[in-house]
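Fold and geometry: a report
The residues making up each chain are set out below.
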Amino acid sequence: MPASSSAAAVAANSSVCAPLPVLGRDVLVPLVTGGEVDYAALDYAASAPALQRVWDDVAAYAPYYGSVHRGAGYLSQLSTDLFENSRRTISDFLGCRADDQVVFTRSTTDSLNLLAAVLPENTRVFVFETEHHASLLPWEQRADTEVTYLNAPRTPQQAVDTLEKALAGREPYGPALVCVTGASNVTGELWPVRELAAAAHAHGARIVLDAAQLAPHHPVDIAELDVDWVAFSGHKLYAPFGSGVLAGRADWLQHADPYLAGGGASRKVSRRTDGGVDVEWHTTAARHEAGSPNVIGAYAIASACKALTEAGFDTLVAREEELIARVREGLAEVPEVRVLSLFGDDAPRVGVLSFVVEGWNSSHFAAALSAEYGIGVRDGLFCAHPLVRTLLDSEPDEPGECGAPEAAPGERSLNAIRVSFGAGTPDEHVDRFVRAVKELVADGARWNYRTEDGRCVPASA
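Residues numbered from 1 in each chain as written. Predicted model: local features only at pLDDT ≥ 70, side-chain atom pairs only at ≥ 80, totals over all residues. Heavy atoms only, no water.

1. Quick look at the packing of helix H12 (residues 362-373) against helix H14 (residues 427-443)
The cut-off we apply is this: For helices, the fitted line uses only the C-alpha atoms of the stretch in contact; every axis is such a line through C-alpha atoms, and the angle between N-to-C directions lies from 0 to 180 degrees. What counts as a helix is a DSSP run of H or I of at least four residues, what counts as a strand is a run of E of at least two, and both are numbered from the N terminus. Left-handed is the label given to a crossing in which the near helix is rotated counterclockwise from the far helix by less than a right angle, and right-handed is the label when the rotation is clockwise. Note on definitions: a residue-residue contact is assigned when non-hydrogen atoms from the two residues lie within 4.5 Å. By the convention adopted, Pro, Cys, Tyr, Trp, Phe, Met, Ile, Leu, Val and Ala count as nonpolar, Lys, Arg, Asp and Glu as charged, and the other residues, Gly among them, as polar.
Across the interface, H12 lies against H14 with an axial gap of 11 Å and an inter-helix angle of 115 degrees. You can see that H12 and H14 cross each other, and the crossing is right-handed. When H12 is examined against H14, the residues Phe365, Ala368, Leu369, Glu372 and Tyr373 are found in contact with a partner set consisting of Arg432, Phe433, Ala436, Val437, Glu439, Leu440 and Val441. Class assignment for the residues of the contact of H12 with H14 results in nine nonpolar, no polar and three charged.

Written out as structure tokens, the structure is:
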């Protein structure tokens, strides 16, 4: 369908104010009320759109794609160089120390499961209940690992005090790991990473930083933060090509069995006289990268790292803070809206905010934003069920599922709405969102909605 002249004008101008152009900035979507509008992608915390720079770099390389670490031909050699250069680029981006390793994984979830798999025997793990499931759940997969879940703190200092008390009281004294987020995927609030790292090290523990929500918005420097590992995903860093990173200290990685057994992880395999095989595993990052590497995914992350670095985080952070202020000020004008927070209204945050609207089922509200305004947000529990339940003052066993509300439109549901944005977000998308929230609360939805397969969707006209 042809776009209206007004929609075309919006699409033409929408990318002007965004520091880094992204794919999808000119995609038109239909509205149930008629016409089309350029899609306002405000769900960056789930998956950020690909940077145009990343897409162009991947497209330019694609004809030269070849096997990595396995071929003598020109394309294989080129691909191998590209893969290893990407590792170095990411190491620089993260401020890795000289003896740190950068291991390519599939995602943050995969990275933290890898770290869980290489923990020394009888490691004690300490993790706040506020974590995303990717950093909350991997640790109990090992029978010899004891996990201590820490209650949600209400101030950054309380987080540090809670951790120090838990670490000081641990018995027996042995290997310990602290897992903490850099920025909440629910509230966007920044956590006191450097202070938590100091507390961990003071009590003989190591610390891994889940930087999935932090790295796309703020610089992450392993040495400066003094963390032992950092994990993040490409698809949240404007590089949605199926790759992630675990970067940090090498010793636990080198001393553990490979995460996956297979080609690439093995350095030498020989038959024994008793019929079995002896294996000598790599001690480099390859030890945990068995199988054919995702060279395109790794290259995409490296491309995004270069783009963010060249754009300058000072500039990106300053603009994002302006967008955050506009959203917060707009929502504050609507008494029915309650923004969720652990640390209070003045806490610094990235471009991630969650809220509930009095009198609205969150799924219904999110569906109306999409169908009537062309705005994509997220509703649910955001794979952080304990945190959202705490923020909503619910009972631990109150019904509610991430992305699958049980309540009908207009009924209360244990879910929230999340809006998130970043370096590719035009000003107009944020302004449209604020305007849409005000109109929906004041006037109600202009369309009827029904529940289908657990989702709130527009009803047929």
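2. Overview of the sheet that holds strand S16 (residues 378-380)
Rules: A pair of strands is labelled paired if DSSP reports no fewer than 2 bridges between them.
Pairing in this open sheet of four strands is antiparallel, and the strands run S13-S14-S17-S16 from one edge to the other. With partners counted over all chains shown, the strands left at the sheet margins are strand S13 (337-339) and S16, one partner each. Neighbouring strand axes in the sheet, compared pairwise and without regard to direction, differ in orientation by 30 degrees on average.

3. A closer look at the sheet that holds strand S6 (residues 146-150)
Ordered by their spatial adjacency, seven strands build an open sheet running S4-S10-S9-S8-S7-S5-S6, and the pairing between neighbours is mixed. Sheet topology places strand S4 (101-105) and S6 at the edges, where each strand pairs with a single neighbour. Sheet twist, expressed as the average angle between the axes of neighbouring strands with direction ignored, equals 20 degrees. Judged from the five bridges that link them, strand S7 (residues 176-181) and strand S8 (residues 206-210) form a sheet pairing that is parallel.

4. Things to note about a nonpolar patch on the surface
The criterion, for reference: Exposure above 30% relative accessible area and no salt bridge define the residues that can form patches, which grow by joining like charges within 9 Å and nonpolar side chains of Val, Leu, Ile, Met, Phe, Trp and Tyr within 5 Å. Each accessible area is a Shrake-Rupley estimate made with a 1.4 Å probe; only the visible protein chains count as cover when residues are assessed. Every case where a carboxyl oxygen of Asp or Glu lies within 4 Å of a side-chain nitrogen of Lys or Arg is listed as a salt bridge. Burial classes: relative accessible area under 20% of the type maximum marks a residue as buried, over 50% as exposed, and values in between as partly exposed (1.4 Å probe, protein chains only).
Together, Tyr64, Tyr74 and Leu75 make up an exposed nonpolar region whose accessible area comes to about 340 Å². Overall, the relative accessible area of 62% leaves tyrosine 74 in the exposed class.

5. Things to note about unusual backbone geometry
With a phi close to 65 degrees, asparagine 122 is a non-glycine residue in the positive phi region. The residue asparagine 122 is located in the loop between helix H4 (108-117) and strand S5 (124-128) in this model. Even without glycine at this site, cysteine 383 takes up a positive phi of about 50 degrees. Turning to its location among the elements, cysteine 383 is positioned in the loop between S16 and helix H13 (385-391). Taking relative accessible area as the criterion, cysteine 383 reaches 33% and is therefore assigned partly exposed.

6. Let's talk about H4
For H4, the tally of buried residues reaches seven of ten residues, placing the bulk of the element in the interior. Inspection of H4 places Thr108, Asp110, Ser111, Leu112, Leu114, Leu115 and Ala116 among the buried residues, and these make up the whole buried set. Against the buried residues of H4 lie S4, helix H5 (133-136), S7, S8, strand S9 (229-233) and strand S10 (244-248).

7. Points about the pattern of salt bridges
Tallied over the full model, the rule gives 28 salt bridges. The shortest N-O distance in the salt bridge between glutamate 280 and arginine 267 comes to 3.8 Å. Pair noted here: glutamate 280 is in strand S12 (residues 277-281) and arginine 267 is in strand S11 (residues 266-271), with a separation of 13 residues, a long-range link. The class for glutamate 280 is partly exposed, based on a relative accessible area of 37%. Two residues, aspartate 345 and arginine 328, come together in a salt bridge whose shortest N-O distance is 3.3 Å. Pair noted here: aspartate 345 is in the loop between S13 and strand S14 (352-357) and arginine 328 is in helix H11 (residues 313-332), with a separation of 17 residues, a long-range link. On the basis of relative accessibility, which here comes to 55%, the residue aspartate 345 falls in the exposed class. Residues participating in the shared-partner salt-bridge network are Arg206, Asp228, Arg249 and Asp251.

8. Here we look at the pairing of S12
Two elements, S11 and S12, share five bridges in a ladder whose sense is antiparallel. Residue pairing for S12: arginine 271 is matched across the bridge by valine 277. Here S11 hands over to S12 after five residues, with glycine 275 in that stretch at a positive phi of 100 degrees.

9. Brief notes about the state of the cysteines
Operational definition: Cysteine sulfurs are considered disulfide-paired once they come within 2.5 Å of each other.
Applying the stated criterion across every chain, the model contains zero disulfides. No disulfide involves cysteine 96; its sulfur sits 10 Å from that of cysteine 305, the nearest cysteine.

10. Structural notes on the packing of aromatic side chains
As a reminder of what qualifies: Working definition: rings of Phe, Tyr and Trp (its six-membered ring) pair if their centres are within 6.5 Å, and the pair is stacked with planes under 30 degrees apart, edge-to-face with planes over 60 apart, and tilted otherwise. Look at NZ for Lys and CZ for Arg. If either is within 6 Å of the ring centre and within 35 degrees of the ring normal, a charge sits over the ring.
Per the stated rule, a full pass over the model turns up twelve aromatic pairs. Measuring from ring centre to ring centre gives 5.1 Å for phenylalanine 83 and phenylalanine 104, while their planes differ by 45 degrees; the resulting arrangement is tilted. Of this pair, phenylalanine 83 sits in helix H3 (residues 74-93) while phenylalanine 104 sits in strand S4, and the two are 21 residues apart along the sequence. Each of the two residues, phenylalanine 83 as well as phenylalanine 104, counts as buried. An aromatic cluster of at least three residues, connected via ring pairs, comprises Phe355, Trp360, Phe365 and Phe433. Its guanidinium or amino end placed over the ring of tyrosine 173, arginine 170 lies 4.1 Å from that ring's centre, counting from NZ or CZ. Over the ring of tyrosine 373 we find arginine 446, and its NZ or CZ is 5.2 Å from the ring centre.

Remember, this is a structural readout, not a statement about activity or role.
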